[in-house]
Amino acid sequence: MKPINKETALVVFSGGQDSTTCLFWAKKNFKRVEALTFRYGQKHIKEVETAEQIACDADVPWHFMDVSFIGKLAKNSLTDNSIIMDEKKPVDGPPNTFVPGRNLFFLSIAAVFAREHGISHLVTGVSETDFSGYPDCRDAFIKSLNVSLNLSMDEQFVIHTPLMWIDKAQTWALADELGVFDLVRTKTLTCYNGIIGKGCGECPACKLRREGLEKYMRLIREKE
Ligand code: ZN
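How each quantity is defined
Residues numbered from 1 in each chain as written. Predicted model: local features only at pLDDT ≥ 70, side-chain atom pairs only at ≥ 80, totals over all residues. Heavy atoms only, no water. Helix = DSSP H or I, 4+ residues; strand = E, 2+ residues; numbered from the N terminus. Rg over C-alpha atoms; globule rule 2.2 N^0.38 Å. Buried < 20%, exposed > 50% of the residue type's maximum accessible area, 1.4 Å probe, protein only. Contact = heavy atoms within 4.5 Å. Areas by Shrake-Rupley, 256 points an atom, 1.4 Å probe, with all protein chains shown as cover. Donors = N, O, S within 2.8 Å, 3.2 Å for Na, K, Ca; no water. Tetrahedral: all angles 85-135°; square planar, octahedral: opposite > 155°, others 65-115°. Phe/Tyr/Trp six-rings, centres within 6.5 Å; stacked < 30°, edge-to-face > 60°. Pairing = 2+ DSSP bridges. Polar contact = N/O pair within 3.5 Å; in protein donor to acceptor, adjacent residues only side chain to side chain.

(A) Spotlight on the overall build of the protein. Counting its regular elements, the protein contains 8 helices and 5 strands. Put simply, the protein runs from its N terminus to its C terminus through helices and strands in the order β-α-β-α-β-α-α-β-α-β-α-α-α. Computed over C-alpha atoms, the radius of gyration of the protein comes to 17 Å, within 12% of the 17 Å expected from 2.2 N^0.38 for 224 residues, which places it in the range of a compact globule. Sorting the 224 residues of the protein into buried and exposed places 52% on the buried side. Counting contacts in the protein only where the partners sit at least 6 residues apart, residues at least 24 apart contribute 71% of the total. Accessible surface for the protein amounts to roughly 11,300 Å². Of this, 53% is attributable to carbon and sulfur atoms.

Below, the structure is given as structure tokens:
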């Protein structure tokens, strides 16, 4: 293992609005940034291509890992074409867009990868604020995993979650502040139906993204 480089961060990077904002947040806060993208069996391989393109445009070394087994472990509508996507969060649990274990595996694998590359800072775009009902986006889980990862490898990883306590409108504001509002708006892929930028407009991810953008634009207009 290389000596720990405190000035480098590894971003868990999907090429969506949130992780792209995090990528540029990391570029502002660390001397060096690398990105790691996972294929977890998602229907739209375009996600991976989008992530690679954005990382290239951002001049960030990009790494890719195929962990498709994650999508096969449990039934969910992001990796299984036969399941119709939940429009809303059911009363009795997370929506079927929840991929159980996804952030647990992603961050654990990212930590091992980071250790091999002498990196101690991990960045992820999870948020508890616009909570879709995914338990692995909550702050308590991230903090607990951070402790477990440190214990498991006797390391001092720090998991950064710049979006944890901000909503989608504030995430747009952050992208704007970082000078990448247009890039995030036109180049990222959040849509569950695989459409870059504006998206399909219909899926839950598009709705959340659009509502956030509209709220942010309203706030800007009110300020003027
Ligand atoms: Zn969509």
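Following the structure, the description resumes.
(B) Fine view of the coordination of the zinc ion. Here the zinc ion is held by Cys191 (SG), Cys200 (SG), Cys203 (SG) and Cys206 (SG), and the distances to it run 2.3 to 2.4 Å. What the 4 donor atoms of the zinc ion show is an angle range of 104 to 117° at the metal, which sorts the shape as tetrahedral. Of note, the donors binding the zinc ion are all from one chain and are spaced C-x8-C-x2-C-x2-C. Since its relative accessible area comes to 25%, Cys200 is described here as partly exposed.

(C) Spatial organisation of the environment of Pro204. With respect to the secondary-structure elements, Pro204 resides in helix 8 (residues 204-223). Judged by relative accessible area, Pro204 falls into the partly exposed class, the value being 21%. Taking the C-alpha atoms as reference points, Pro204 and Met85, separated by 119 residues in sequence, lie 8.8 Å from one another.

(D) Geometry of the packing of aromatic side chains. Summed over all chains, the structure comprises 8 aromatic pairs. Arranged with centres 4.4 Å apart and planes meeting at 20°, the rings of Phe38 and Phe106 form a pair that is stacked. Linking Phe38 in strand 2 (residues 32-39) with Phe106 in helix 4 (residues 102-116), this pair joins segments that are 68 residues apart in sequence. By the burial criterion, Phe38 is buried, and Phe106 matches it. Three or more aromatic residues link up through ring pairs in this structure, and these residues are Phe38, Tyr40 and Phe106.

(E) Representation of the pairing of strand 4 (residues 119-123) within the structure. Counted residue by residue, strand 4 has 5 buried out of 5 residues, so it is predominantly covered. Inspection of the sheet shows strand 4 paired to strand 5 (residues 158-160) by 3 bridges, in the parallel sense. The residue bridging Leu122 from the neighbouring strand is Ile159, located in strand 5.

(F) Here's a closer look at the side chain of His63. Checked against the element boundaries, His63 lands in strand 3 (residues 62-66). In this structure the side chain of His63 is engaged in a polar contact, spanning 2.6 Å, whose partner is the side chain of Glu34. Apart from the residues within four sequence positions on either side, His63 is in contact with Glu34, Ala35, Leu36, Thr37 and Phe113.

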